[in-house]
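Residue strings, one per chain:
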Amino acid sequence: MQETLTIDSAEKASEIALMNTMLSPRFYTTNFAEMDRVDVSSLRSEWDKMMDEYEGDNNHDHFQRTPEFSKEVAERFSQVSPEMRQEFLDFLISSLTSEFSGCILYNEIYKKSQNPDIKNLMRYMARDESRHASFINQSLKDFGLGIDLGDLKRNKPYTYFKPKYIFYATYLSEKIGYARYITIFRQLEKHPEKRFHPIFKWFERWCNDEFRHGESFALIMRANPHLLRGVNIYWIRFFLLAVYATMYVRDHCRPMLHEEMGLDSTTYDYTVFQITNDITRQVFPVSLDIDSPLFRQGLDKLLHIQKQLDMAKARGGLIGKFQQAGWALVGAKTFVQLYFLPIKHHALPTEVRMAPAW
Ligand SMILES: [Fe+2]
Ligand SMILES: [Fe+2]
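A. Focus on the overall build of the chain. Check the secondary structure of the chain and you find 14 helices and four strands. In terms of overall dimensions, the chain is globule-like: its C-alpha atoms have a radius of gyration of 20 Å, near the 21 Å expected for 358 residues. Principal-axis analysis of the C-alpha atoms gives the chain an extent of 55 × 50 × 40 Å. Relative to its 358 residues, the chain shows a buried fraction of 37%. Restricting the contact set of the chain to residue pairs at least 6 apart, pairs at least 24 apart contribute 79%.

B. Region of interest: the packing of helix 8 (residues 163–190) against helix 12 (residues 265–280). At a minimum axis separation of 9 Å, helix 8 and helix 12 run at an interaxial angle of 135 degrees. Put simply, helix 8 runs oblique to helix 12. Like other packed secondary-structure pairs, helix 8 and helix 12 cross with a definite hand, here right-handed. Here K175, I176, A179, R180 and T183 of helix 8 come into contact with helix 12, specifically with Y268, T271, V272, I275, T276, I279 and T280. When the residues that make up the contact of helix 8 with helix 12 are grouped by side-chain class, the tally is six nonpolar, four polar and two charged.

C. Focus on the environment of G144. With respect to the helices, strands and loops of the structure, G144 is situated in the loop between helix 6 (116–141) and helix 7 (149–155). Overall, the presence of 10 C-beta atoms within 10 Å leaves G144 in the exposed class. In this structure, the C-alpha to C-alpha distance between G144 and K321, residues 177 residues apart in sequence, is 36 Å.

D. Region of the structure containing the nonpolar core. Y171, Y181 and Y244 are the most contacted members of the largest nonpolar core, which has 49 residues in total. Those elements that provide at least two residues to this core are helix 8, helix 9 (203–223), helix 10 (232–252), helix 12, helix 13 (293–315) and helix 14 (317–339). Per element, the largest residue contribution to this core is 14 residues, and it comes from helix 8. Each residue touching Y244, except ones within four places of it in the same chain, is listed here: F273 and L288. The next biggest cluster of nonpolar side chains, apart from the first, holds 28 residues, and it includes A17, L92, Y124 and M125.

E. Up close: unusual backbone geometry. The phi angle at D57 is positive, at roughly 50 degrees, despite the residue not being glycine. When you line up the elements, D57 lands in the loop between helix 3 (44–56) and helix 4 (68–75). On the neighbour-count criterion, D57 (13 C-beta atoms within 10 Å) is partly exposed.

F. How the structure looks around the packing of helix 10 against helix 13. The contact between helix 10 and helix 13 brings their axes to 9 Å, and the two run at 55 degrees. It follows that helix 10 is oblique to helix 13 by the angle criterion. As for the relative orientation of helix 10 and helix 13, their crossing is right-handed in sense. Counted together, A245, Y248, V249 and H252 of helix 10 and L299, L302, L303 and Q306 of helix 13 form the full contact between these two elements. In terms of residue class, the contact of helix 10 with helix 13 is built from six nonpolar, two polar and no charged.

G. Focus on the environment of I236. Tracing the backbone shows I236 in helix 10. Taking the C-alpha atoms as reference points, I236 and H252, 16 residues apart in sequence, are found 24 Å from one another. Ignoring any residue separated from it by four or fewer positions in sequence, one finds I236 in contact with Y168, F284 and V286.

H. Region of the structure containing the environment of F239. Structurally, F239 is set in helix 10. Here F239 falls in the partly exposed class, since 18 other C-beta atoms lie within 10 Å of it. Sequence-wise, F239 and S173 are 66 residues apart; in three dimensions their C-alpha atoms are separated by 9.9 Å. Ignoring anything within four residues of it in the chain, the contact list for F239 reads Y168, A169 and L172.

Conventions and cut-offs
Residues numbered from 1 in each chain as written. Chains lettered and ligands numbered in written order. Predicted model: local features only at pLDDT ≥ 70, side-chain atom pairs only at ≥ 80, totals over all residues. Helix = DSSP H or I, 4+ residues; strand = E, 2+ residues; numbered from the N terminus. Rg over C-alpha atoms; globule rule 2.2 N^0.38 Å. Buried ≥ 20, exposed ≤ 12 C-beta atoms within 10 Å, placed from the backbone. Contact = placed C-beta atoms within 7 Å. Axes fitted to C-alpha atoms, helices over the stretch in contact; angles between N-to-C directions. Parallel < 35°, antiparallel > 145°, perpendicular 65-115°, else oblique. Left-handed = near helix turned anticlockwise from the far one by under 90°. Nonpolar A, V, L, I, M, F, W, Y, C, P; charged D, E, K, R; others polar. Core = buried A, V, L, I, M, F, W, Y, C linked by C-beta atoms within 7 Å.

Structure follows, in structure tokens:
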């Protein structure tokens, strides 16, 4: 657990969703006028095909609970340990926050956009993310921990990213979201006895939405190839590392969640990184060398630093503050070392679109 708060009331759940730490999901805003200038006409036929898929809305009836849902929660989830319950609730809250983060951003762009292509896309993606966030919130409500999404929207701080950073970061978070959900789904498909909560049964069709959202950003970037070359390669490397490192540290701070599913956090994370690396070849001409021992040691070091930071924070006082500052510096240095490790280069495929085949 990244925070020591016990999640035992709706107020605590909201407090966690509102937090802005290095590891927690954030809300974003952008330059809407610049976003409007995005032109996808060089990939018109792929774009229109994708819009037809959104219009077809093959998941319109997916996010509804079956009568067995509550029964399974009562029978199966009630058997997990109190610590495990806390980790799962923390997982639900961070997943809800990141689903809702997408919903808010896409909806704001939709409302402010004059560009018909962007407007259309954002409307569909906001529709999907709103379903995802509400579906998770229903599971929090089962425990009396439902989050007031209106309050969250009003009170959580927003981080400004210019459009190109939104494209890199959001593309990655959609694709890594797909990889995370499908890896969990496949594991529990093989080991149904480990499925301690019914929500995981929804992950397969759910993650196809995330996959398609990622495809949309892939088309936007491929239609604007200047985003994928020159100095922008350094930004792509930065976002790849930031997203992978954050996921690694956060997942290892709640290891029981994966153990309960019969997964080990390190194996799970590297499976997700491998899938994400395989997918991002459609758009990024570089990828991180996730098999390099130096890369793996670097991520473990970041995890160690995060644990020390949490201890220093818990200690408090002047010494605690000094220790926190010291570990933050070591963390920054480790991140820079990881950033400059050799990376892999590849040519982009002619066909941009991929199928969610994992
Ligand atoms: Fe989503
Ligand atoms: Fe999404």
